Amino acid sequence: EADIYQTPRYLVIGTGKKITLECSQTMGHDKMYWYQQDPGMELHLIHYSYGVNSTEKGDLSSESTVSRIRTEHFPLTLESARPSHTSQYLCASSRGARNSPLHFGNGTRLTVT
Amino acid sequence: TQLLEQSPQFLSIQEGENLTVYCNSSSVFSSLQWYRQEPGEGPVLLVTVVTGGEVKKLKRLTFQFGDARKDSSLHITAAQPGDTGLYLCAGSGGSYIPTFGRGTSLIVHP
């Protein structure tokens with residue numbers, strides 16, 4: 001059973017469109033993360049949050065933005081999608097304690113044409 | 001950025017064989033986690049190791065954390081088709097934000 005939900009699962013859009021990828025968790029976790037995953041490549045951290053009103057950029061330079069207005073919700077927005085944004089986007093959450101494991105959603109597969 | 005190198009990148013074996021997957025870094029980690037990811041799903045945690053030299057067993061899977069906490073290995077005994085998947089290691093340093101390796105894609109043929 002999934003306690004962290006991502007929608008949509010698949011999305012095909014045209015260049016220049018604004019999109020929001022949704023992520024919600026029901027576990028009350030403080031920390032939330034967005035990773036980008038491409039075949040044969042490591043998961044790249046693009047954004048993370050320590051809690052409400054906290055957002056930080058990760059290692060991967062990204063044209064996306066995130067918000068954390070509620071504990072359970074951590075949406076990621078692309079203001080103007082480009083073909084280079086085509087990828088798998090994974091959302092995850094974890095407890096605040098160090099070494100806490102990440103719980104992942106099933107991802108959003110984004111294709112920008 | 002702490003880099004994690006995983007090897008091999010791909011592994012295709014027959015049911016019943018043993019295998020070892022490696023995760024190496026030049027950085028010291030406070031903890032290291034192993035995840036398995038199946039197609040169309042997110043990674044799922046297998047184990048967390050935190051102490052140098054630590055060995056953990058999960059049925060046919062044995063995980064070891066290096067004495068210097070820079071490397072780890074995953075050994076699978078008598079692999080089964082259900083073990084097929086992408087195995088990812090992730091290390092956490094001072095920031096406790098996990099850094100992932102590229103993964104080892106394992107296929108076990110019946």
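The present account deals with the structure reproduced in this document. (Residues numbered from 1 in each chain as written. Chains lettered and ligands numbered in written order. Predicted model: local features only at pLDDT ≥ 70, side-chain atom pairs only at ≥ 80, totals over all residues. Heavy atoms only, no water.)

Side chains that are nonpolar tend, in soluble globular proteins, to be buried together. All names here are of chain B. Residues Leu 19, Leu 32, Trp 34, Phe 63, Leu 74, Ile 76 and Leu 106 are the most contacted members of the largest nonpolar core, which totals 21 residues. Of all the secondary structure elements, the ones that give two or more residues to this core are β3 (19–24), β4 (31–37), β5 (44–49), β7 (61–65), β8 (71–76), β9 (85–92) and β11 (104–109). Aside from chain neighbours lying at most four places away, what touches Leu 74 is Leu 19, Thr 20, Val 21, Trp 34, Leu 61, Thr 62, Phe 63 and Tyr 87. (Core = buried A, V, L, I, M, F, W, Y, C linked by side-chain atoms within 4.5 Å. Buried < 20%, exposed > 50% of the residue type's maximum accessible area, 1.4 Å probe, protein only. Helix = DSSP H or I, 4+ residues; strand = E, 2+ residues; numbered from the N terminus. Contact = heavy atoms within 4.5 Å.)

Here we take up the packing of aromatic side chains. Scanning all chains against the criterion turns up eight aromatic pairs over all chains. Considering the side-chain rings of Tyr 35 of chain A and Phe 100 of chain B, the 5.2 Å spacing of their centres and the 80° angle between planes classify their relative orientation as edge-to-face. Of this pair, Tyr 35 of chain A sits in strand β4 (residues 31–37) while Phe 100 of chain B is found in strand β10 (residues 99–100), placing the two residues in two different chains. Ring geometry for Phe 104 of chain A against Phe 100 of chain B: centres 6.0 Å apart, planes inclined by 75°, an arrangement best described as edge-to-face. In this pair, Phe 104 of chain A sits in strand β10 (residues 103–104) while Phe 100 of chain B sits in strand β10, so the two residues belong to two different chains. (Phe/Tyr/Trp six-rings, centres within 6.5 Å; stacked < 30°, edge-to-face > 60°.)

Let's shift gears to the sheet that holds strand β1 (residues 4–7) of chain A. All names here are of chain A. The strand order across the open sheet formed by four strands is β1-β3-β8-β7, and the pairing between neighbours is antiparallel. Looking along the sheet, the strands with just one partner apiece sit at the ends: β1 and β7 (64–66). Each adjacent strand pair in this sheet contributes to an overall mean axis angle of 15°, direction not counted. Examined bridge by bridge, β7 and strand β8 (residues 76–78) share three bridges and lie antiparallel to one another. Paired with Val 66 across the strands is Leu 76, a residue of β8. (Pairing = 2+ DSSP bridges. Axes fitted to C-alpha atoms, helices over the stretch in contact; angles between N-to-C directions.)

Attention shifts here to the pattern of salt bridges. This model, assessed by the stated rule, comprises seven salt bridges over all chains. With its nearest N and O atoms 3.1 Å apart, the salt bridge here joins Glu 72 of chain A to Arg 70 of chain A. Owing to a relative accessible area of 44%, Arg 70 of chain A belongs among the partly exposed residues under this scheme. A salt bridge links Arg 60 of chain B to Asp 83 of chain B; its shortest N-O distance comes to 2.9 Å. Of the two residues, Arg 60 of chain B sits in the loop between β6 (55–58) and β7 while Asp 83 of chain B sits in the loop between β8 and β9, which places them 23 residues apart along the sequence. Take Arg 60 of chain B: its relative accessible area is 24%, and that puts it in the partly exposed class. (Salt bridge = Lys/Arg side-chain N within 4 Å of Asp/Glu carboxyl O.)

As a further point, take the environment of Gln 14 of chain B. Residue and element names in this part refer to chain B. One can find Gln 14 in strand β2 (residues 10–14). Taking the C-alpha atoms as reference, Gln 14 lies 8.2 Å from Gln 80; in sequence the two are 66 residues apart. Those residues in contact with Gln 14 that sit more than four places away from it in its chain are Val 108, His 109 and Pro 110.

Okay, the interface of chain B and chain A next. In this assembly, 23 residues from chain B lie in contact with 22 residues from chain A. Interface area for chain B against chain A, summed over the two sides, is near 1,800 Å², with a carbon-plus-sulfur share of 53%. The tally of links from chain B across to chain A stands at one salt bridge. Salt-bridge contacts for Arg 102 of chain B lead to Glu 42 of chain A; the nearest nitrogen and oxygen are separated by 2.9 Å. Run the count over chain B and chain A and you get eight residue pairs in polar contact (both at pLDDT 80 or more). (Buried area = accessible area lost by both parts, 1.4 Å probe. Polar contact = N/O pair within 3.5 Å; in protein donor to acceptor, adjacent residues only side chain to side chain.)

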